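Letter by letter, the chains look like this.
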Amino acid sequence: MTKILNINMENYRPFYGNNKFDFSTSDDKNFNVVFAGTGGGKTTFLDAISWCLFGKEPHKDLLTESMLNDIAEAELKNENTVDVAIEIFLGLKQDEIDGIFRRKITFFKNNQGKVVPLPGSERFSAKIKDGRNNLIDAADASIAANFVFPEKIQHLFMFDGEKLETFFDTDNMKKTENAIKDMTHMDQLDNAIAHLKSVSREFVSKKDREDPQLTEIDAYISGLANRIEDKQIKKKELEIKQEEAKVRFDTLDEQLRTLNSKGDLEGLLKEQKKYEDQRNGLTKKIMELENQKFDHLLKGIPTIFCKKELEDAIKKINKKYESGELPPDVKVEFINKLLLKGRCICHTDLTEGSSARKYVEAYKNKAPLSQFEPDIRKGQSEITFMLKGISVFFERRKDFYQQIDEKKDQLFETQQILEKITKQMESIDDKEFQSIKSSRSFALSEYQKYSTKIGEVGNSIHEDELSKLGFEKERQKIERNLIKNEEMKKKFEICDAALVFLQESQKSLLIELKADIETWTNEIFNKSILEPRVERIVITEDFELQALDFESENIYDELSKGQKQGLATAFMIALRKDSGFDSPILFDYPLGRIDPDTRSEFINALKNMLNGVQVIFFLIGGTEWSNAEKIQMKDRLGSVYELKKLKNEKRSEVIQHA
Amino acid sequence: MKNKVNQRLLKKIISSDLEDPVKKFLKNILEIESEIGKGGQFSEKYKTEIEKAYLLLKRSNKYD
C-alpha cells in the first residue's frame, strides 16, 4: 500500500517560499482535507501534484503564465537564480520513507530583465527502496512515478468532482470498458496476445511463408489494415471539423442570445436549443445503434453464412449423406448463391470489387467441400453453433432495428417541431439577428453533415474490421497446416495453446470483471441510498452502465448531478477494490454537486466506501467545508489545511488547522 | 520495475488443463508484459520462454 506522507512546495504559483503539507497515513484517520476559497490555490495544488509526477498541469489554461511565484519573481536579482520545486514523499510512517519524487525548474532574469525558465533546467528525480530497504535513485523517474501513480489511469485516483457527474453521460460504454481494462492491467493480456501472434509466425519457415495462399491473404490483411488506418485518420479529421463547427455554432448561439431583446425570441431560442439538443442526441444514439448492430458479428459469429442458405446446405448434405451418395459441391453452391444475392446476413455488400466479395470468393476457391465434409459429418456441431449464433444475432439485430426505428420516429417529430420554431423565428424582422441566425444554421448544418460522415466512416471501419478478422482466422488455419519441421511445429503448438487460452481468457475475464464490479458498485451505491428509485446498477453486455428502477427501466438520465457523481464515485471505488490498486485518492470538489439533503448520506457512504484508503479532499471553504461537514468527518479527519489568499499579496498562506 | 499481473488471469492459468510447461510459459510471458518501459524487447524474451517450455515438454517425454 502506498500513502502520501508529505508534499513540499517551493515557490510554485501562489505558494511563496517553502510550504510543507503533512498528511495522515493512519487507517482510522484516513481523511485529509485541503480547503480554500476562490483563488486560494485548491486547483493549483492538484496541478502541482500532476506537474511533479507527470510534468503536466491539467488546468494550465486557468493559471498565470509563469510557474514562479510573483513575490519570488520580484525578489529575484540579476545573475541570481530561483527554483520552483515540488516534492512528494511516500511511505506508511513518517520515519519510514518508501519513495520520493521531486521535480524542479530554475528561473533567471534574462538580458531584457524578464524572468524566464533556464533552458534545460527542469529535472525530475525519484528515489525508491531497493531490495535491502535502502532508498536509491531510480534509473528512470518517470517509470517509477508511473508504477505508483499510472498516468494512464490518473482519473481513477485523481477524482475530479466536476467531471465525475458527467463520467457516464458520454461514451458510456467505451469509458466503462476502458476503465475496467485499464485498472486491471488487461493491456498486458492484449499485448501478450499480439506478441504471441507475432512470435508464432516465426515458426513457420520462410519458405512455407511464401505460400501463394498466405501471400494473397496477407495482401488482403495489410490492404484492409491500411484502409482502416486511412479511414480512422479521416474519421479523426472529420471529428475535428465537427468540433470546430460545434464551437462556431456555440459562439453564434451565445451571440444570438445576448443580442436578442425581443420578448418572444428568447423563448423561441430556448425551445429551438432544447429541440436541437434533442435532435443531436437522437442522431448520435441512432449512429451508435447502427454501429452496435454489427458488434455481435465481431464476437465470433462467422460473417459469410446466410441462415436460410446454410439450412438449405445442411438439408442437402444430410440427404446426400443418408442416400450414401458423396456430397457434391454443396458448399460451393451455397457460396455461389450468396454471391449471386450480393448480400450476406450482416447486409455486407458483396458487389463486384468489394472486399467482402473478395473474401467470399477466396473462401470458395480455397475451401472445397471435401475439406469440411468430415467436420460436417461429425455431428455438425460447428454448424449448430453457427445457427445458434445467427439466431442470437437475428434477435439482437431485431432489437436494434426496433430501437433505431423508435429513435427515427422521435427524430422525425423533433425535426417537425424544429421546422415550426424556425418558421416562427423567420417571421421576426431583425437584420442582425437574422444574419447571425443564418450563420448559426449554417454552422449547425455543417456539424450535422460531419456527424453523418463520421457515422458512415465508422460503419465502414466496422465492416473492414470484420473482413480483416475473417482473413486473420483463415490465415491462422493455413499457417497451422503449413509447418513441416517437427520442432518448429511443437513450438508453434505451444504458442497456439497459449494463444487460444489467452484469447478465451480475455473474453471470460472481462465478463467476470464486469460482473464483480457491477456487484461492488451496487453495494457501494446502495449503501449511500442516494436514489431510492434505483433498484440496481447494471453493466450490460456492451458495457453500458445503467441505473435500473423497479420496473427495470434505465433512469440514469433522470439522476441529479449529485447522484450521478455518487454513482461514478461508487464505480471508481468498486474498480479499485476489484483491481487491488491501492494508491491514495485525491478527490477534488467531492461535495459541491451533492444536494445538501443527501450530503450527510454521501459523506457516510464515502466513509464506508473508503475505509482505510488514504484520501485527500480538496474542498471549497464554506460551501463544501462548513461546520456540518467538519462534524460529520471529525472521527476520520487526519489533517486539515487551509489555503488562504492574502489580500493585496500575490500569494496564499498555508494554515494547518488542529 | 513491474506492474501487477492480473491476479484473476494467474488463477485461471493455474487451474487450467494446460500442461505445466505451458502454464509456466504463460506466467512468464505475463511477467514480461508487466515490465514497465520495456516494450519492443519482447521477441527474444518470448523465444527464450518458448524454448524453455519446449525443452521441459521434451524432457517429460511428451513428444516420445
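Residues numbered from 1 in each chain as written. Chains lettered and ligands numbered in written order. Predicted model: local features only at pLDDT ≥ 70, side-chain atom pairs only at ≥ 80, totals over all residues.

So, about the overall build of chain A. Within chain A, the secondary structure is distributed over 20 helices and 15 strands. Per-residue burial for chain A yields a buried fraction of 33% across its 658 residues. In chain A, once contacts between residues fewer than 6 apart in sequence are set aside, the share between residues at least 24 apart is 74%. (Helix = DSSP H or I, 4+ residues; strand = E, 2+ residues; numbered from the N terminus. Buried ≥ 20, exposed ≤ 12 C-beta atoms within 10 Å, placed from the backbone. Contact = placed C-beta atoms within 7 Å.)

In this complex, chain B contributes 28 residues to the contact, which on the side of chain A involves 25 residues. For the side of chain B that touches chain A, the secondary-structure elements that each account for two or more residues are helix H1 (7-15), helix H2 (20-34) and helix H3 (42-59) of chain B. Along the lines of polarity and charge, the residues of the side of chain B that touches chain A split into 16 nonpolar, 7 polar and 5 charged. (Nonpolar A, V, L, I, M, F, W, Y, C, P; charged D, E, K, R; others polar.)

Counting through the fold element by element, Val-247 of chain A comes out in helix H8 (residues 212-259). Note: C-alpha distance between Val-247 of chain A and Ala-443 of chain A (196 residues apart in sequence) is 8.9 Å.

Residues and elements named next belong to chain A. Grouped together as the largest cluster of nonpolar side chains are 116 residues, with contacts concentrated most on Ile-88, Leu-575 and Phe-618. Looking at which domains feed residues into this core, each of domain 1 (4-149 + 586-657) and domain 2 (167-203 + 498-582) supplies at least three. The next biggest cluster of nonpolar side chains, apart from the first, holds 9 residues, and it includes Phe-249, Tyr-450, Ile-454 and Val-457. (Core = buried A, V, L, I, M, F, W, Y, C linked by C-beta atoms within 7 Å. Domains from an automatic or database assignment.)

A few words on the confidence of the model for chain A. Residues and elements named next belong to chain A. Mean pLDDT over chain A works out to 80, with 79% of the residues at or above the 70 mark. By mean pLDDT, the top-scoring element of chain A is strand E1 (residues 4-12) (96), and the lowest-scoring one is helix H14 (residues 369-377) (45). With pLDDT under 50 throughout, residues 296-306 is counted as low confidence; its partners more than four residues away or in other chains account for 31 contacts. Here residues 343-347 is a poorly scored stretch, pLDDT under 50, and it has 15 contacts once near neighbours within four places are set aside; other chains count. (pLDDT = per-residue confidence, 0-100.)

Let us now look at the sheet that holds strand E9 (residues 158-160) of chain A. Residues and elements named next belong to chain A. Reading across from one edge, E9-E12-E13-E3-E14-E15 is the order of the 6 strands in this open sheet, with mixed pairing throughout. Each edge of the open sheet is held by one strand with a lone partner, namely E9 and strand E15 (652-657). Averaged over all adjacent pairs, the angle separating strand axes in this sheet is 15°, with direction ignored. Looking at chain direction, strand E3 (residues 31-36) and strand E14 (residues 637-645) are connected through 6 bridges and run parallel. Across the sheet, Asn-32 pairs through a bridge with Ser-639, a residue of E14. (Pairing = 2+ DSSP bridges. Axes fitted to C-alpha atoms, helices over the stretch in contact; angles between N-to-C directions.)

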